[in-house]
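The lines below spell out each chain.
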Amino acid sequence: MMNKEELHQYKKVYESIDIPDSIYFTGWDQLSNRLPEKQHVPKQHMWHRSIIFAGISVIFFVATIGAAQASKPGEILYPVKKLTNEIIQTVIQEDRKENEQKKGKTMLIAPSPTATHGIKPTLGKPTEKTTKNENKKLPGKSNGVLGTMNKNIKKTLHPTPTYTTKKEGKEKNKDQQEHNNNNGNKPQQNQSSQGKEHNQSEKK
Amino acid sequence: MEELDLIDKAKEGNKKAFEELYKLYCKRIYRYCLINIARNDLAQDLCQETFIKAWKAIPTFTIKDGGTFQAFLFRIARNLLIDLSRKKKEFSLQTYQEIEIDEQLEEHVDREQSIERLKVALAKLNDIDRQIIILRYFEEMSHADAAQVIGIKDSALRVRTHRILQKLKGLLTNDE
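Residues numbered from 1 in each chain as written. Chains lettered and ligands numbered in written order. Predicted model: local features only at pLDDT ≥ 70, side-chain atom pairs only at ≥ 80, totals over all residues. Heavy atoms only, no water.

Peer 1: Whenever I open this one, the overall build of chain B confuses me. Can you help?
Peer 2: Each helix and strand in chain B was counted, giving nine helices and zero strands. Scanning chain B from its N terminus toward the C terminus, one meets helices and strands in the order α-α-α-α-α-α-α-α-α. Buried residues in chain B amount to 51% of all 176 residues. Contacts spanning at least 24 positions in sequence make up 65% of the contacts within chain B whose residues lie at least 6 apart. Here chain B displays about 8,500 Å² of accessible surface, and carbon together with sulfur accounts for 46% of that area. (Helix = DSSP H or I, 4+ residues; strand = E, 2+ residues; numbered from the N terminus. Buried < 20%, exposed > 50% of the residue type's maximum accessible area, 1.4 Å probe, protein only. Contact = heavy atoms within 4.5 Å. Areas by Shrake-Rupley, 256 points an atom, 1.4 Å probe, with all protein chains shown as cover.)

Peer 1: How do you make sense of the overall build of chain A when you look at a structure like this?
Peer 2: Helix and strand counts for chain A stand at ten helices and zero strands. Counted from the first residue to the last, chain A has its helices and strands arranged as α-α-α-α-α-α-α-α-α-α. Every one of the 204 residues in chain A was classed for burial, and the buried ones make up 17%. Taking as baseline every contact in chain A between residues at least 6 positions apart, the subset at least 24 positions apart corresponds to 42%. Total accessible area on chain A stands at roughly 17,200 Å², and carbon and sulfur atoms take up 57% of it.

Peer 1: I keep staring at helix α1 (residues 4-15) of chain A and nothing clicks. Help me out?
Peer 2: Working note: α-helix, 3.6 residues per turn, so residues spaced by three or four point in the same direction. Residue and element names in this part refer to chain A. Compared with the 16 Å implied by 1.5 Å per residue over twelve residues, the 16 Å span of α1 between its first and last C-alpha is a close match. For α1, the full list of buried residues reads Glu6, Leu7, Tyr10, Lys11, Val13 and Tyr14. All buried residues of α1 project into a common sector of 160° when viewed along the axis, lining one side. Exposed residues lying more than 90 degrees from the buried face of α1 are Lys4, Glu5 and Lys12. (Expected span 1.5 Å × (residues − 1). Arc of directions from axis to C-beta.)

Peer 1: What is the right way to look at helix α4 (residues 69-87) of chain B in this model?
Peer 2: Residue and element names in this part refer to chain B. Its 19 residues place the ends of α4 27 Å apart at the C-alpha level, agreeing with the 27 Å of an ideal helix rising 1.5 Å per residue. Taken together, the buried positions of α4 are occupied by Phe69, Gln70, Ala71, Phe72, Leu73, Phe74, Ile76, Ala77, Arg78, Leu80, Leu81 and Leu84. Residues of α4 that are buried sit in contact with α1 (3-11), α2 (15-36), α3 (40-57), α7 (127-138) and α8 (143-150).

Peer 1: Honestly, the interface of chain B and chain A in this entry has me stumped. Any pointers?
Peer 2: The parts lose accessible area when they come together, and the size of an interface is often stated as this lost area. Contact with chain B, which involves 48 residues of that partner, is made by 32 residues of chain A. Carbon and sulfur atoms supply 67% of the area that chain B and chain A bury against each other, a total of about 4,100 Å² over both sides. The partner of B:Glu140 in a salt bridge is A:Lys11, with the nearest N and O atoms 2.7 Å apart. Remark: the boundary between chain B and chain A carries eight residue pairs in polar contact (both at pLDDT 80 or more). Elements represented by at least two residues in the side of chain B that touches chain A include exactly α1, α2, α3, α5 (93-108), α6 (113-124), α7 and α9 (154-175) of chain B. For the side of chain B that touches chain A, the leading source of residues is α2(B), giving 13 residues. The class makeup of the residues in the side of chain B that touches chain A is 24 nonpolar, nine polar and 15 charged. (Buried area = accessible area lost by both parts, 1.4 Å probe. Salt bridge = Lys/Arg side-chain N within 4 Å of Asp/Glu carboxyl O. Polar contact = N/O pair within 3.5 Å; in protein donor to acceptor, adjacent residues only side chain to side chain. Nonpolar A, V, L, I, M, F, W, Y, C, P; charged D, E, K, R; others polar.)

Peer 1: Sorry, what's going on with a positive patch on the surface here?
Peer 2: Residues B:Lys53, B:Lys56, B:Lys87 and B:Lys88 make up a contiguous surface patch of positive charge. Relative to the helices and strands, B:Lys53 resides in helix α3. (Patch = residues over 30% accessible without salt bridge, like charges linked within 9 Å, V, L, I, M, F, W, Y side chains within 5 Å. Lys, Arg positive; Asp, Glu negative; His and termini not counted. Charge placed at Lys NZ, Arg CZ, Asp CG, Glu CD.)

Peer 1: Hey, could you run me through the nonpolar core in this one?
Peer 2: The nonpolar side chains of soluble globular proteins are, as a tendency, buried together. B:Phe18, B:Ile29, B:Tyr32, B:Phe51 and B:Phe69 are the most contacted members of the largest nonpolar core, which has 62 residues in total. Among the elements that take part in this core, α2(B) stands out by supplying twelve residues, more than any other. (Core = buried A, V, L, I, M, F, W, Y, C linked by side-chain atoms within 4.5 Å.)

Peer 1: Help me understand unusual backbone geometry, please; the structure alone is not making it clear to me.
Peer 2: All names here are of chain B. Even without glycine at this site, Glu140 takes up a positive phi of about 55°. In this fold, Glu140 is placed in the loop between α7 and α8. By relative accessible area, which is 54% here, Glu140 ends up exposed.

Peer 1: Whenever I open this one, the confidence of the model for chain A confuses me. Can you help?
Peer 2: Do not read the predicted coordinates in detail wherever pLDDT is low. Residues and elements named next belong to chain A. With 58% of its residues at a pLDDT of at least 70, chain A reaches an overall mean of 72. For chain A, helix α7 (residues 128-137) is the element with the lowest average pLDDT, namely 50, and helix α4 (residues 43-68) is the one with the highest, namely 87. When the criterion is pLDDT under 50, residues 186-191 qualifies, and its contacts beyond four places in sequence or with other chains add up to eight contacts. (pLDDT = per-residue confidence, 0-100.)

Peer 1: What exactly am I supposed to notice about the environment of B:Ala54 here?
Peer 2: Residue and element names in this part refer to chain B. Mapped onto the secondary structure, Ala54 falls in helix α3. When its relative accessible area of 0% is taken as the criterion, Ala54 is described as buried. Each C-alpha atom of the pair Ala54 and Ile76 lies 7.2 Å from the other, and the pair is 22 residues apart in sequence.

Peer 1: Could you clarify how one ought to interpret a negative patch on the surface in this entry?
Peer 2: Where like charges cluster on the molecular surface, the negative patch consists of B:Glu2, B:Asp5, B:Asp8 and B:Glu12. As for its placement among the helices and strands, B:Glu12 is situated in the loop between α1 and α2.

Peer 1: Help me out: how do you make sense of the packing of α2(B) against α3(B) in this one?
Peer 2: For any two helices packed against each other, one specifies the crossing angle of their axes together with the interaxial distance. Residue and element names in this part refer to chain B. Axis separation between α2 and α3 bottoms out at 9 Å; the angle between their running directions is 140°. You can see that α2 and α3 cross each other, and the crossing is right-handed. Residue-level contacts link Lys15, Phe18, Leu21, Tyr22, Tyr25, Cys26, Ile29, Tyr30, Cys33 and Leu34 of α2 to Asn40, Ala43, Gln44, Leu46, Cys47, Gln48, Thr50, Phe51, Ala54 and Trp55 of α3. Class assignment of the residues belonging to the contact of α2 with α3 gives a composition of 15 nonpolar, four polar and one charged. (Axes fitted to C-alpha atoms, helices over the stretch in contact; angles between N-to-C directions. Left-handed = near helix turned anticlockwise from the far one by under 90°.)

Here's what the structure looks like:
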């Protein structure tokens, strides 16, 4: 390696370079005329500052809220905890209300699956497939107000006893007649028929 | 008045404070430009340009970043030198080392063999190595400041200076 003495000698040579008077004495006069009045701060520099400031403030805000969660009554940060909890609760409640309202609207607007396809409701029991689909489309299994609303809608849309086939209907009518006869409540039609029979026997 | 106060005032647009800063650093900046460029008039122009740029950019200068005002000024001067050498290749540092030093220095300083050898050796160094020698040993800058001016890492500069000194020693012994 080079000696420090050698380097020092070279440094002396470097320092002995003459500086013209125009640099030190008259140089400033020339320069001051060329200097612009306004110094401009680059926009990028300002952006960096503002971004850094925003970041720090966000970190500080989050940190205080985080620290407040562990606070107990009587401590400085406890009011912060209370406030944040209140805000969170109100926000959650509002969200729930909005969601429920939206769901309710969709339930009321949505037409029945049979009506959409233009098929008339046939007599008979609803098939398993349709009931399953309806269960899927109508979230009536959920608890609360929505559940009861959905059940009511289901009942109004598909009243189960009316859906019967022709054969089943006849059989059911017969059963009902028999039931009525057994109970002593004779239907009006039967009464009329019985009256006719009675009149015929009297004529004979 | 202290340098920091002068810088603060210059940031606010105080030209008197900037004049003080100019008088503190103009000789060093001129010398640095002259040793890197072949002509005296060009060195003067570069010196003035350096201070104009410094005046414009001084609001962005902060000591908190780890930089010093001398590093800030020398950085501007170096950028201007690089720009000039790109525009006009005849003023490149290599050509200067063999011409201008001989003319400038030999008129005023006693001719010593070691100086001659140094000039030759400096001419053989590449640009960054030459800047490291000038800034670290002639301008007596710290590693951090010199690294900031050149635009390399502090640790890289430390390693590089060690190698450059070995290289210089080799060059000087070969010449002998």
